[in-house]
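# A closer look at the structure
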Amino acid sequence: MKNDHSHGFVADIPLGKGASSPAGTQVNASEKSKRWWHAIGFGLAITLTNLLLWWFTNPSVLPPAHGGIIGGLAYNAYQRWDSPLERRYPSALDIASDMAKLSKVTRQLRTYGASELPNLPALAEAYGIKLTMGAWLDTRLDNNQREISALVKAARQHRNVERLIVGNEAVLHGLVTPEALIDYLNEVRASVSVPVSTAEPWHVWLRYPELADNVDFIAVHLLPYWEGVPHDVAVDYSVMRLEQLKRRFPGKRIVIGEIGWPSQGDRYEGATAGPVEQATFIREFLSRASGQNWEYFLMEAIDQPWKRATEGRVGAYWGIMDADRNFKFDLRQSVVADPAWPIKALIAAVIALLPIVAFARRFAHWRLASRVFMGALIQGSVSMVVWMVAIPFELYMRPADWLSLVVLVPSVSLMVTLLLVHGLEFAELYWQGNLRRTFGAAPMPARAPRVSIHLACCNEQPDMVIATIDSLRALDYPDFEVLVIDNNTRDPALWEPVRDYMATLDGSRFRFFHLPSWPGFKAGALNFALDQTDPAADLIAVVDADYLVEPNWLRDLVGHFDAPDVAVVQSPQANRQWSGSAWRRMMNFEYDGFFRIGMHHRNERDAIIQHGTMAIIRASALREHGCWSTWCICEDSELGLRLMRAGHRTIYVDQVMGRGLTPDGFAAFRRQRRRWALGAMQILRAHASALFFGRREPGEPGLNRAQRFHFVAGWVGWFGDAMHLVFTFAAMFWTIGIISAQHIFSLPIMLYMIPVLLLFVCKALLGPLLYMRRVPGSLADILGAALAGMALSHGIAVGVFAGLSGRRAVFEITAKAGRGGRKGSALLAALRETREEAGMLIALLLCIAGMSIIRLNGHVESALWMAILALQSLPYLAAVLCAWIAQVSAREPGKVRNGLSRLRTLMPVRAGDQRSPWPALTWRSSNLR
């Protein structure tokens, strides 16, 4: 079984025979102390860099200072959890508290409704605040009359009501017609002695000049944010519109009814909402207004979270104070985008310092570049988590926002974990010189141990099995036997030729067994073989039915068993007959990554995956610790884990000792990986207490921390595929909600979407970069391997959920040695083969299309969400493409091969070996040390 790549932490590990040994294994107390001080210095350097980056990304800005009283503020009295839409209103005590605070910064307030808060004029009057009072108009005629009556009454009873505004953007939003609004205006003007107007944006006044003929003054809204104007030119733009109105209506008194900028929310075309942008716009406007005779009301005094329901996310953040009545910025001092950045940076530095120091001490032998990369990755990940955790405390979150976080936060957390896991692997293997535990061929012992080679087969092509037997016959080794166990093969045409061929060989060394109906799948067959093994056999070697082994396989590796605690010596799986097929070539290089990267990473801490074929196992250890497990579909990996729990060592020798055949087609490739994922979950469930909590059986040494880490972290990537499937369904559900019920569903906060995209890009870069460094092949081969690996995501997810649910596993034979593709359309065949992935791809594309229809121009959040949906679709698109390539390769191999050959001529060629038609350097395992 093959596993995803992983990493771990453990103290220096004793090195076995054939391993390279670092100089000076004994470290005195002085040296240990020196290493600790170096690690602490390294950690402090990383955390200091973190503080500097926080400082650099939060520069201070000093807009023009304003030291006087603000001319006027638009005011809504609703508290943090109040909402007129839900009929939750502030108390008189709440309003009085607001008046006490606002009276220190302004003497003028503009309000919007008259009937819902009848005590507001008296409370403002008590604090010496004058009002420009409004009546709210909408499509409810009875409510309009109630508002007008309350407005007129307040103007007659309270001397601090200086002006009246009938309707707020009622014409702009189509709530009333201009003619109806004029009727309301005339009704109010006839009933009061104070000036009366209505409030509309500048373009509405220009479009309906008759409104100006029926008001005592023009109350204009100048909100350049809603016109997509960048904040640095927005004040000039607003002044330009004000002058335009003055020229259009000469002699008419103009009051700026609203002018302001939001501190949070979605970008609108060229306008960005933010704390610095808000402070800069307002302070520049106040500086400009101090030299003019303008009457204005800043939009607005206090944030109103309830406005999200009517104005979108940005509607909640127009106040110069937040909903808790704290000022967002000073009118005289410098401002920063995130005033809380020092405490966030400090928290991130403190949290990250200990793991960075521990890492630097443990991996002091690594190259400096590797340590800096990993230290920066740890610090960056912690900083991102701290930043994201703080977001909900800085925003006004609705239930829908919290619900979206239920999906996004686990996804981001898993992505951060994956990034750290793959980052550690990248750091150790990208820069050469970090590995200390490497093995090559071992000297042949004076007495060659007897080896029993077991070959289990089921429904395999007889000529393929016979070729494997012939390669075993040619082994350059003095003492071995070969047991071929054919289990559960019904067709005599498949097993009888093998039996007949074996009958022609030396019966003392080559034995054949046919088991018509045998339980336990491959594990059951191997256990049967173990019972038939010569008792004198010291070692058990396992080889798959499609492998052609090298003559020196046993001679070069059995010497490692001179160390009594070594139980497994594993050499890599490798492939043959792939260079003539584009699809088989992609599979070959996808497989290669694990053996060139993951197994080296695991071997460094004695935590390799035993993957069955090309494994040599100590017979006594195999028998003593339970033989092969028939309950697990990946019996090889499970056995390796049990042997590690028993305290045995394992050795990985990256020297190709045998080559097999790649699966036939994409379906077989996906089915094989799904089986591995299912088996991994079976192992995880069965050994959970040992892997997660370090539990040991009586007398069992147990797993060390590194081994536990490698087995758990090695499968984190597969959990990522499972979460990808969950997130895809959730994202499609959420998108349908956004399209069909925007009053309930809203786009996730941009501050959460950006990390998702960044993490995906970072993770996507690490894999290919490491492949390019460690795997021999051209850039086209690396990209092909990446595409093939991505295409497996859905199959892995299905296997993970099947394994976690305890579903009964069925061993599926991986088809090999195929004879070509079927007739008919390759694309239709690929779509049939990937019907689930194709269905998911179509659903995601429909979601993207739906978002594009409702998306407003320049709406960045919509674009980011569409980008996330597109990223979610990539594995499903990759599956369809790979299935199509596999079909075409089987039908017209020359066509695809020639096309890829032309592509490779345009791409740089990297290290190759005798298997590659485009070798650049001769491949040697020493290249990995």
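Going along each chain's sequence as written, the residues are numbered from 1 onward. In view of the model being predicted, local features appear only for residues whose pLDDT reaches at least 70, and side-chain atom pairs are presented and counted only at 80 or more, with totals across whole chains, interfaces and linings using the full set of residues. The basis for every side-chain value is the complete set of heavy atoms in the structure, and neither hydrogens nor water enter the calculation.

## So, the overall build of the chain
Labels follow the DSSP assignment, with helices taken as runs of H or I lasting at least four residues and strands as runs of E lasting at least two, numbered in each case from the N terminus. Looking only at helices and strands, the chain has 31 helices and 17 strands in total. The C-alpha extent of the chain, read off along each of the three principal axes, is 120 × 75 × 55 Å. Burial status follows relative accessibility: with a 1.4 Å probe on protein chains alone, a residue under 20% of its type maximum counts as buried, one over 50% as exposed, and anything between as partly exposed. Going through the 929 residues of the chain one by one, you find that 57% of them count as buried. Pairs at least 24 apart in sequence give 80% of the contacts found in the chain among residues at least 6 apart. Counted as positive: Lys and Arg. Counted as negative: Asp and Glu. His and the chain ends are not counted at all. Each charge is placed at NZ for Lys, CZ for Arg, CG for Asp and CD for Glu. Positive and negative side-chain charges in the chain, numbering 96 and 83 respectively, have mean positions lying 4 Å apart. Residue contacts are counted whenever heavy atoms from the two residues lie within 4.5 Å of one another.

## Some thoughts on the packing of helix α24 (residues 716–740) against helix α27 (residues 793–804)
Packing of α24 against α27 leaves a shortest axis separation of 8 Å and a crossing angle of 100 degrees. Relative to α27, α24 is oriented roughly perpendicular. Between α24 and α27, the residues in contact are Trp718, Phe719, Asp721, Ala722, His724, Leu725 and Val726 and Ser793, His794, Ile796, Ala797, Val800, Phe801 and Leu804, respectively. In terms of residue class, the contact of α24 with α27 is made up of ten nonpolar, three polar and one charged. Axis definition: a line fitted to C-alpha atoms, over the contacting stretch in the case of helices. Angles run 0 to 180 degrees between N-to-C directions. The cut-offs work like this: below 35 degrees is roughly parallel, past 145 is roughly antiparallel, 65 to 115 is roughly perpendicular, and the gaps in between are oblique. Gly counts as polar in this scheme, as do all residues outside two lists: the nonpolar Ala, Val, Leu, Ile, Met, Phe, Trp, Tyr, Cys and Pro, and the charged Asp, Glu, Lys and Arg.

## Some remarks on helix α5 (residues 178–189)
Since the α-helix packs 3.6 residues into each turn, any two residues three or four apart lie on the same face. What a helix is expected to span follows from its residue count: subtract one and scale by 1.5 Å. Taking 1.5 Å per residue as the helical rise, α5 with its twelve residues ought to reach 16 Å, and the 16 Å between its terminal C-alpha atoms agrees with that figure. Inspection of α5 places Pro178, Leu181, Ile182, Tyr184, Leu185 and Val188 among the buried residues, and these make up the whole buried set. The arc enclosing the buried residues of α5, seen along the axis, measures out at 160 degrees, which places them on a common side. Projecting away from the buried face of α5 at angles above 90 degrees are the exposed residues Glu179 and Asp183. In this structure, the buried residues of α5 make contact with α4 (141–157), β4 (161–168), β5 (196–201) and α7 (209–212). Working note: the arc is built from the helix axis to C-beta atom directions.

## Notes on the packing of aromatic side chains
Geometry of aromatic contacts follows a simple scheme: Phe, Tyr and Trp rings, the Trp one being its six-membered ring, pair when their centres are within 6.5 Å, and the pair is stacked under 30 degrees between planes, edge-to-face over 60, tilted otherwise. Taken as a whole and assessed by the stated rule, the structure comprises 32 aromatic pairs. Each ring, one from Tyr317 and one from Tyr396, has its centre 4.9 Å from the other, and the planes form 10 degrees; the classification is stacked. Of this pair, Tyr317 sits in the loop between α10 (308–311) and α11 (341–362) while Tyr396 sits in the loop between α12 (368–394) and α13 (399–430), and the two are 79 residues apart along the sequence. A relative accessible area of 3% means that Tyr317 is categorised as buried. Overall, Tyr396 belongs to the buried group, its relative accessible area being 10%. Relative to Phe595, the ring of Phe594 lies with its centre 5.2 Å away and its plane at 75 degrees, an arrangement referred to as edge-to-face. Using a relative accessible area of 1% as the deciding quantity, one classes Phe594 as buried. Among the aromatic residues, those joined into a ring-pair cluster are Tyr225, Trp226, Trp261, Tyr268, Phe281 and Trp318. Either the NZ atom of lysine or the CZ atom of arginine qualifies as a charge over a ring when it sits within 6 Å of the ring centre and within 35 degrees of the ring normal. Sitting above the plane of the Phe217 ring, Arg253 keeps its charged end 6.0 Å from the centroid. Cation over ring: Lys307 sits above Tyr112, and NZ or CZ is 5.9 Å from the ring centre.

## With respect to the environment of Val412
Mapped onto the fold, Val412 is located in helix α13. Once the C-alpha coordinates of Val412 and Ser103 are considered, the two residues, 309 residues apart in sequence, prove to be 45 Å apart. With residues up to four places along the chain from it excluded, the contact list for Val412 reads Met388, Val756 and Leu759.

## As for the pairing of strand β15 (residues 615–618)
Moving residue by residue along a regular strand, the side chains alternate between the two faces of the sheet. By the alternation rule, side chains of β15 split into Ala615 and Ile617 and Ile616 and Arg618, which are all buried. Criterion used throughout: strands pair if DSSP finds at least two bridges between them. Strand direction decides the pairing type here: strand β12 (residues 539–542) and β15, joined by four bridges, are antiparallel. Bridge pairing links Ile540 to Ile617 in β15. Inspection of the sheet shows strand β14 (residues 566–570) paired to β15 by three bridges, in the antiparallel sense. For Gln570, the partnering residue across the bridge sits in β15 and is Ala615.

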